[in-house]
Amino acid sequence: MSGGNRPAVMPGMCWVRRALLVADIVESVRLIREHPEDVIERWSRFMRLVSAELPHYRGVMVKSLGDGMLLGFESADDAVACGLALQPLLAPFNSDRPADRVIWLRCGVHLGEVVPTEFDWFGNSVNLAARLAALAEPGGCVASVEVRDTLTPGLDAEFVDLGDCFLKHVDQPVRCCRVRPVRTLGGTRDLAPPTLDDPTRLVMAVVPFDAADGATTAAGQQSIGDALADGLISAFSKRRDWTVQSRLSTAALRQRALHWSALSESLGATHLVCGRFRTMGRQIEVHVELHDVRRRSQLWEGEHRLFLDEYFAGDASFVPDVIAAVARAVALHEQRCAHALPLPTLDTYSLYLGGTTLMNRLSTSDFTRSRALLEQLSERAPRAASPHAVLAKWHVLCMAQGWSQDRGTQAMEARAAARRALQLDPDHAYALSVDAQTAVHTGGDLDEARLGYGRALQSDPHEPAAWYLLSGLHAYCDEGELAVAAAQRAIELSPLDPSRFLMDAYLSMAMLAAGRYDEAVAASESALQRNACLSSTYRTLALALVFSNRVVDARAAIQKLLAAEPRSTLRSYRQHYPGRHSPHMPRYVDALQMAGMPD
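Everything quoted here is computed from the prediction, not taken from an experiment.

## Looking at the overall build of the protein chain
And step 1. Regarding its fold elements, the protein chain presents 24 helices and 16 strands.
And step 2. The burial tally for the protein chain puts 55% of its 599 residues in the buried class.
And step 3. Restricting to contacts in the protein chain with at least 6 residues of sequence separation, those with at least 24 account for 66%.
And step 4. When the accessible surface of the protein chain is split by element, carbon and sulfur atoms take 52% of a total near 25900 Å².

Shown next as structure tokens:
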């Protein structure tokens, strides 16, 4: 609910965006009926403890619900962190109690707009958070997709996509996720640093810059911080002797409470560039720092002033000045660096991020909205390659999901969008990757695609999309181990990428092609946990399960495929699968038939 869709409120009240956490006691009626004094006494002590702990999460107790509570937070990451902490915090109050007297909580988290008053918070978002709590298992937490999209899976929490869920008294289905703590190994986050092929190689991570006044949530401020980092990443990527982490991965680390060294180590970086900025009218003042992660030391810092319009036009000296200073600080030879932001203005840049986020959700309504945003973006920035490249990706995903009403027309639109991107920027690595992918999915020309991925990686060897799409090509051509290596390289380059579900999906195809069926099952399940709407991965999962002699489980996977893609048949698979001319095709068809895919 936003903008003109908001109902009017009384003078002195206003709509604000907040994260909401509703926690309810499981079987509260039975517990209070059978053990009233014990349950009420424990719950009262627990509520006092929660009130004392809330400041650590920048939260407030909005109200007690008798057998639950409504908590409010400035940000979704604080709400999720608190939600995951509540049940462990309750554990001491359950000690020495039999199973039928243990107090369990269900938590629901939503990010939306509310009207806060002195006594309560009002709005549909409060009701939605309560409905999400009802979906959670005892001791569990369920969040809306709005919450997930502001957090980083694997860093803030683990998310299991539940798809579109129908909630009581909510007219439209709501995309929901089960939320779990990040798994730990030996007391540390289960987020192992990637192992790059050369341990002596410099690995640079650039974190989005923060607003000096802390107002990164204000309109445009976050996009400025993203754009400053993006310009540096684009220029750093031109150096063939450095490995540079993807912006989509490092963007996940903005405003983290963890120490900078721990954050960069989670990406496997040896060096970290970070900073802050202050807006002064048309100008911004930027403070930049370079850190050596291995030695926990700061190597360099500098101050820069620039005009925003010049920066987005590519005329500011900020990027080359920083690159030269960083190169000197890490004792590397200076090379020519190019500043190549994907879009020319701040508002279009924000539109680009919004369109790609909606596209990656893969729910039909958000997917349709993303196309409208991307088409509007291509009109607003007619000389930018990125919108056309992402539009081409949109058309390919539409075909891969089985949503296309006219594959021939959609194939032509995909190819036209990719070629338009390359007319604008012939060396655009992502556009080259997507153009090659359109060749795979529109005409099955694997030789042309191989050349295209080669050109993309020659232009930018650090482009994750080029690596995971190349992995798919290797899998279609029965080059299993090459496929595995390419998929793993994509994950190494951008382990926290919003498109990580696609990387895991391609890794599952690669493991299948390599005959590593248990690993293919694991990678498929990981992809589907990240995004349950990725229908083609159910097919990969079914194949891996059949080849692992788990036919019953494979049949269940095919049923989920048919629920997501009702028009999926063996005939359509034979016609459109990119590897249909490869030696493995008859074996795959037989396996899918055994799993119950209809003819």
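Once you've had a look at it, read on.
## Quick look at the packing of aromatic side chains
And step 1. Per the stated rule, a full pass over the model turns up 11 aromatic pairs.
And step 2. Ring centres 5.1 Å apart and planes at 65 degrees place the aromatic pair Phe 367 and Trp 403 in the edge-to-face group. Remark: Trp 403 occurs in the loop between helix H13 (385-400) and helix H14 (407-424) and Phe 367 occurs in helix H12 (residues 364-380); sequence separation between them is 36 residues.
And step 3. Among the residues examined, Trp 403 registers a relative accessible area of 22% and is labelled partly exposed.
And step 4. Taking the centre distance of 6.4 Å and the plane angle of 45 degrees together, the rings of Tyr 577 and Tyr 588 count as tilted. With Tyr 577 in the loop between helix H23 (570-576) and helix H24 (585-595) and Tyr 588 in helix H24, this pair connects stretches of sequence that are 11 residues apart.
And step 5. Positioned over the ring face of Phe 547 is Arg 587, at 4.4 Å from the centre of the ring.

## Concerning the pairing of strand E6 (residues 141-144)
And step 1. Of the two faces of E6, the one carrying Cys 141 and Ala 143 and the one carrying Val 142 and Ser 144 are both buried.
And step 2. Two strands pair when backbone bridges link them, and strand E4 (residues 105-116) and E6 are joined in this way by three bridges, in the parallel orientation. Considered in E6, the bridge of Gly 108 is made with Val 142.
And step 3. Note that E6 and strand E8 (residues 174-180) share four bridges and pair antiparallel. Across the sheet, the residue bridging to Ala 143 is Cys 177, located in E8.

## What to know about the pattern of salt bridges
And step 1. If you walk through the whole model with that rule in mind, you get 32 salt bridges.
And step 2. Ionic pairing is found between Arg 419 and Glu 448, a salt bridge with its closest N-O pair at 3.2 Å. Taken as a pair, Arg 419 in helix H14 and Glu 448 in helix H16 (residues 446-459) lie far apart in primary sequence, 29 residues in all.
And step 3. The partly exposed category is assigned to Arg 419, whose relative accessible area is 37%.
And step 4. A single salt-bridge network, built from bridges that share partners, covers Arg 148, Asp 149, Asp 161, Arg 175, Arg 361, Asp 366 and Arg 369.

## With respect to H24
And step 1. Of all the positions in H24, only Met 585, Tyr 588, Val 589, Ala 591, Leu 592 and Ala 595 are classed as buried. Taken end-on, H24 shows its buried residues confined to a sector of 165 degrees, consistent with a single buried face.
And step 2. Directly beyond the C-terminal end of H24, a positive phi value near 100 degrees is found at Gly 596.

## Topic: helix H21 (residues 535-547)
And step 1. The element H21 is extensively covered by neighbouring structure, given that 12 of its 13 residues are classed as buried.
And step 2. Those residues of H21 that sit buried are Ser 535, Thr 537, Tyr 538, Arg 539, Thr 540, Leu 541, Ala 542, Leu 543, Ala 544, Leu 545, Val 546 and Phe 547.
And step 3. Buried residues belonging to H21 abut H13, helix H19 (500-513), helix H20 (517-530), helix H22 (551-564), H23 and H24.
And step 4. In the segment just after H21, Asn 549 is the residue with positive phi, at about 65 degrees.

## Quick notes on the packing of helix H15 (residues 429-442) against H16
And step 1. Between H15 and H16, the least distance of the axes is 8 Å, while the angle of their chain directions is 170 degrees. When the axes of H15 and H16 are compared, the pair comes out roughly antiparallel. Within the contact between the two elements, H15 uses Ala 429, Leu 432, Ser 433, Ala 436, Gln 437, Ala 439 and Val 440 and H16 uses Leu 446, Glu 448, Ala 449, Gly 452, Tyr 453, Arg 455, Ala 456 and Ser 459.
And step 2. When the residues that make up the contact of H15 with H16 are grouped by side-chain class, the tally is nine nonpolar, four polar and two charged.

## Section: the packing of H13 against H14
And step 1. Axis separation between H13 and H14 bottoms out at 8 Å; the angle between their running directions is 160 degrees. As the angle between them shows, H13 and H14 are arranged roughly antiparallel. Along this stretch, H13 crosses H14, giving a crossing that reads as left-handed. Here Ala 385, His 388, Ala 389, Leu 391, Ala 392, Trp 394, His 395, Val 396, Cys 398 and Met 399 of H13 lie close against H14, whose contacting residues are Arg 407, Gln 410, Ala 411, Glu 413, Ala 414, Ala 417, Ala 418, Arg 420, Ala 421 and Leu 424.
And step 2. Broken down by class, the residue content of the contact of H13 with H14 amounts to 14 nonpolar, three polar and three charged.

Cut-off values and rules
Residues numbered from 1 in each chain as written. Predicted model: local features only at pLDDT ≥ 70, side-chain atom pairs only at ≥ 80, totals over all residues. Heavy atoms only, no water. Helix = DSSP H or I, 4+ residues; strand = E, 2+ residues; numbered from the N terminus. Buried < 20%, exposed > 50% of the residue type's maximum accessible area, 1.4 Å probe, protein only. Contact = heavy atoms within 4.5 Å. Areas by Shrake-Rupley, 256 points an atom, 1.4 Å probe, with all protein chains shown as cover. Phe/Tyr/Trp six-rings, centres within 6.5 Å; stacked < 30°, edge-to-face > 60°. Lys NZ or Arg CZ within 6 Å of the ring centre and 35° of its normal. Pairing = 2+ DSSP bridges. Salt bridge = Lys/Arg side-chain N within 4 Å of Asp/Glu carboxyl O. Arc of directions from axis to C-beta. Axes fitted to C-alpha atoms, helices over the stretch in contact; angles between N-to-C directions. Parallel < 35°, antiparallel > 145°, perpendicular 65-115°, else oblique. Nonpolar A, V, L, I, M, F, W, Y, C, P; charged D, E, K, R; others polar. Left-handed = near helix turned anticlockwise from the far one by under 90°.

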